[in-house]
Amino acid sequence: MLTPAFADTRIRALDEASIVVKAPDKVVLIAITRVGNRLVAVGEHGVITYSDDNGVSWKQASVPVTVTLTAVAFANATEGWAVGHYGVILHTDDAGATWQLQLDGIEANKLTMAAAKAAVAQGDQSPPAQHALMRANIFMQAGPDKPFLSIWAPDPNEAIICGAYRMTMKTTDGGKTWADWSLHVDDPFSHNLYDITPVGQNLYIVGEGGLVFRSSDTGDDFAAATKPNAATLLGAVATGDGGVFAFGVAGQAYRSDDGGSTWQPVALGASGNLTAATILASGAILVTGEDGGLFLSTDHAHSFKRLSLALPMELFGAAQATDGDVIVVGNRGVIRVPAATFSQN
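Small disclaimer: the values here were computed from a predicted structure and weren't measured. Residue indices begin from 1 for each chain and proceed along its sequence in written order. Reporting of local features is limited, given that this is a predicted model, to residues whose pLDDT is at least 70; pairs of side-chain atoms are given and counted only at 80 or more, and all residues count toward the totals for whole chains, interfaces and linings. Each side-chain value is worked out from all heavy atoms of the structure, with water and hydrogens disregarded.

Chemist: Looking at this model, I keep getting lost on the overall build of the chain. Mind explaining?
Modeler: The way it works is that DSSP assigns letters per residue, a run of H or I at least four long becomes a helix, a run of E at least two long becomes a strand, and they are numbered from the N terminus. Looking only at helices and strands, one finds five helices and 27 strands in the chain. As a reference, a globule follows 2.2 Å times the number of residues to the power 0.38, and the radius of gyration itself is taken over C-alpha atoms. By the compact-globule yardstick of 20 Å for 345 residues, the chain fits well, its C-alpha radius of gyration being 19 Å. Across its three principal directions, the C-alpha atoms of the chain cover 60 × 50 × 30 Å. Looking at the chain as a whole, 58% of its 345 residues qualify as buried. Here the term buried applies to any residue with accessible area under 20% of the maximum for its type, exposed to any over 50%, and partly exposed to those in between, with areas from a 1.4 Å probe on protein chains only.

Chemist: What's the story with the sheet that holds strand 13 (residues 193–199) in this structure? I'm lost.
Modeler: The criterion for strand pairing is that DSSP finds at least two bridges linking the strands in question. Reading across the sheet, the four strands line up as 13-14-15-16 and stay open at both edges, with antiparallel pairing between neighbours. Only two strands of the sheet have a single partner each, and these edge strands are strand 13 and strand 16 (223–224). Inspection of the sheet shows strand 13 paired to strand 14 (residues 202–207) by six bridges, in the antiparallel sense. Note that in strand 14 the partner of L193 across the bridge is G207.

Chemist: Looking at this model, I keep getting lost on the layout of surface pockets. Mind explaining?
Modeler: Empty pockets left among the atoms are what a rolling probe the size of a water molecule brings to light. In this model, the largest pocket occupies a volume close to 1,400 Å³. Throughout, the protein atoms alone are placed on a 1 Å grid, and a set of points is a cavity if a 1.4 Å probe fits but cannot get out or a pocket if it is open with protein on both sides within 12 Å along at least five of seven lines; lining residues have an atom within 4 Å of a point. Lining the largest pocket are 42 residues, with A31, I32, D195, A276 and A277 sitting closest to its centre. Listed by contribution, the elements that provide at least two residues to the lining of the largest pocket are strand 1 (29–35), strand 5 (69–74), strand 9 (148–152), strand 13, strand 17 (233–238), strand 21 (274–279) and strand 25 (315–320). Per-class residue counts for the lining of the largest pocket are 28 nonpolar, 11 polar and three charged. Grid points are joined across faces, edges and corners, and a volume is the space filled by probe spheres set on the points. If you add up the space inside the second largest pocket, you get close to 180 Å³. In terms of lining residues, the second largest pocket is bounded by H131, M134, R135, I138, F139, K146, Y165, P188, F189 and S190. Amino acid classes used here: Ala, Val, Leu, Ile, Met, Phe, Trp, Tyr, Cys and Pro are nonpolar; Asp, Glu, Lys and Arg are charged; the rest, including Gly, are polar.

Chemist: Explanation requested: the side chain of D187 in the structure shown.
Modeler: Position of D187 relative to the elements: it lies in the loop between strand 12 (179–180) and strand 13. This buried residue, D187, is left without a salt bridge; R166 holds the nearest opposite charge, at 4.4 Å. Polar contacts involving the side chain of D187 include one to the main-chain amide nitrogen of H191, which spans 2.7 Å. For D187, the residues in contact, after removing those within four places along its chain, are P128, R166, L211 and F213. The charge count includes Lys and Arg as positive and Asp and Glu as negative, but it does not include His or the ends of the chains. Every case where a carboxyl oxygen of Asp or Glu lies within 4 Å of a side-chain nitrogen of Lys or Arg is listed as a salt bridge. The term polar contact refers here to a pair of N or O atoms within 3.5 Å; inside protein, the definition further demands a hydrogen-donor-capable atom paired with an acceptor-capable atom, and it admits residues adjacent in sequence only when both atoms are side-chain atoms. In what follows, residue pairs with any heavy atoms lying within 4.5 Å of each other are defined as contacts.

Chemist: I would appreciate a short explanation of the sheet that holds strand 26 (residues 326–330) in the present structure.
Modeler: Backbone hydrogen bonds are what pair the strands of a sheet, in a parallel or an antiparallel way. The three strands are arranged 25-26-27 in an open sheet whose pairing can be described as antiparallel. For this open sheet the edge positions go to strand 25 and strand 27 (333–337), each flanked by a neighbour on one side alone. Averaged over all pairs of adjacent strands, the angle between strand axes in this sheet comes to 25°, irrespective of strand direction. For strand 25 and strand 26, the ladder comprises five bridges, and the chain directions are antiparallel. Along strand 26, the bridge assignment pairs G317 with V329. Only C-alpha atoms enter the line fits that serve as axes; for helices the fit covers just the stretch in contact. Angles between N-to-C directions range over 0 to 180 degrees.

Chemist: How do you make sense of the nonpolar core when you look at a structure like this?
Modeler: A general tendency of soluble globular proteins is for nonpolar side chains to be buried together. Among buried residues, the Ala, Val, Leu, Ile, Met, Phe, Trp, Tyr and Cys ones that are joined through side-chain atoms within 4.5 Å form a nonpolar core. Residues V40, I48, V72, L90 and W99 are the most contacted members of the largest nonpolar core, which totals 21 residues. Taken together, the elements giving at least two residues each to this core come down to helix 1 (12–15), strand 1, strand 2 (38–43), strand 3 (48–51), strand 5 and strand 7 (88–92). Examining the composition of this core, we find that three residues originate from one element, strand 5, more than from any other. The contact partners of L90, leaving out residues within four places of it in the chain, are I48, V63, P64, V65, L69, G80, W81, A82, W99, Q100 and L101. Grouped together as the second largest cluster of nonpolar side chains are 18 residues, A71, A75, I161 and M167 included.

Chemist: Explain the pattern of salt bridges here, please?
Modeler: Between side chains of opposite charge, pairing is possible as soon as their charged atoms come close. Under the defined criterion, the tally for this structure stands at 11 salt bridges. A salt bridge links E158 to K170; the shortest N-O distance between them is 3.9 Å. Taken together, the residues E158 in the loop between strand 9 and strand 10 (159–163) and K170 in strand 11 (residues 168–171) connect sequence positions 12 residues apart. Several salt bridges share partner residues, and in doing so they unite E158, K170 and D220 into one network.

Read these as layout, nothing more, since geometry by itself doesn't imply function.
Spelled out as structure tokens, the structure:
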């Protein structure tokens, strides 16, 4: 593991703080989560915005970069991470009001190179290690151009972050140091990894080309599971009854009851991309669609109903507020969907 030493990168998105916007809830927002009574959403231009009144009003957080942010997750009531383009990893210890840069793509590429050299020195013969040096050299030549896309943060010390071209980083000290973890994912061809999520005792990564990776050792190693299809998977979620539900491009969705060994298609009646899933307080699973659709399952993802409500924007994520309303985010910012919408379905 290395401790990053940040300097002037001459990359504006990394060197300048997020611009202050008049209405942070109206910019493109890509992900949202709830921590305690607070909602926190992230999006373009480094904007992180938070609400303490169930999504009625929003404040902009202090963020040291202007990159597009793609994911946010919290380990407890105050500590969490946000990630995004240019290999950025941000950390907060005040529930999302202020953020500090822990890693950027320049330092991430150095970590990838260090891991590749270590694998060669140790004689690692695993498939990912065979191309490790070539991959690391490509990363170094291309520069810090790759995004992180998903976060798993089980506690304030540990987190695993995944992204494009099998980029994977791990910390065990709250982000003070990071290690390249990509050689622990059994993918020699470095596909994009779009989501990492826990289901029971396993941890799943889903990604490009319908790939699914499963870890039964809390993230030490991710073995390839059976692909449900060649369709790219953008997310996965626990079904609540021991299964795992995966979804992605062109409305494709699948459910597994045996830890990812076999998959059955699930019809949502969607043709657009399915972008995110959240579990409501009722236990129902809500899936957002890029076409503005909301899809609800009340039977552990065996079937879904498209809600009659059609929202006028591309939807990228959702979180339920403490009052039961659901806050969805997308290319036009924030929309509040009343709780009654879901109790009637």
